[in-house]
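What follows is the residue order along each chain.
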Amino acid sequence: VQVVESGGGLAQPGGSLRLSCAASGFTFSSYIMSWYRQAPAKERELVATISSAGGMTNYADSVKGRFTISRDNTKNTVYLQMNSLKPEDTAVYYCKALRGRMDYWGKGTLVTVSS
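Residues numbered from 1 in each chain as written. Predicted model: local features only at pLDDT ≥ 70, side-chain atom pairs only at ≥ 80, totals over all residues. Heavy atoms only, no water.

An account of the nonpolar core is needed here, citing residue identities and associated values.
Counting 30 residues, the largest nonpolar core has Met-33, Trp-35, Val-78, Leu-80, Met-82 and Tyr-93 as the members making the most contacts within it. Of all the elements in the fold, those that place two or more residues in this core are β3 (17–24), β4 (32–38), β5 (45–50), β7 (67–72), β8 (77–82), β9 (91–99) and β11 (109–113). (Core = buried A, V, L, I, M, F, W, Y, C linked by side-chain atoms within 4.5 Å. Buried < 20%, exposed > 50% of the residue type's maximum accessible area, 1.4 Å probe, protein only. Helix = DSSP H or I, 4+ residues; strand = E, 2+ residues; numbered from the N terminus.)

Dropping the structure here:
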């Protein structure tokens, strides 16, 4: 099983980044996918979730209207489009796959928002 995030980097306030999470080794289309983030000295928090078929999404209040989660089950990939970035969005972003009691995590990708 592999869950690999990519797309992090440095962005200016007000800018955009698109994170990707590529999965393999399990039936991707059967799993709920989520993005979490962990800022320095803070607990990991849930950012966004998308249902297995992609029809339902949920967002943390702090990112609603700015971030969009999507998935392509033909590519076993989930995305997080991040717009209007703020310095407080700086964190390591993690991807998680969940089905029942089974969950798989990636190692994260660092997003830094700074001028």
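Describe the packing of aromatic side chains, and please don't skip the residues or the numbers.
Throughout the structure, instances matching the rule amount to four aromatic pairs. When the ring of Tyr-36 is compared with that of Trp-105, the centres are 4.8 Å apart and the planes differ by 55°; the resulting orientation is tilted. Of this pair, Tyr-36 sits in strand β4 while Trp-105 sits in strand β10 (residues 102–105), and the two are 69 residues apart along the sequence. Taking the relative accessible area as the measure of exposure, Tyr-36 reaches 16% and is therefore buried. Put simply, the rings of Phe-26, Tyr-31 and Tyr-104 touch in pairs and so form one group of aromatic residues. Of note, Arg-44 hangs over the ring of Tyr-94, and the distance from its end group to the ring centre comes to 3.8 Å. Above the plane of the ring of Trp-105 lies Arg-44, whose end atom (NZ or CZ) is 4.8 Å from the centre. (Phe/Tyr/Trp six-rings, centres within 6.5 Å; stacked < 30°, edge-to-face > 60°. Lys NZ or Arg CZ within 6 Å of the ring centre and 35° of its normal.)

Could you give an account of the pairing of β8, naming the residues involved and the relevant values?
Burial within β8 is extensive, with five of its six residues counted as buried. When β3 meets β8, the two strands line up antiparallel, connected through six bridges. In the sheet register, Cys-21 faces β8, and the bridge partner there is Val-78. The pairing of β7 with β8 spans six bridges and is antiparallel. Considered in β8, the bridge of Phe-67 is made with Met-82. Adjacent in sequence and paired antiparallel, β7 and β8 are bridged by four residues, among which Asn-76 carries a positive phi angle near 50°. (Pairing = 2+ DSSP bridges.)

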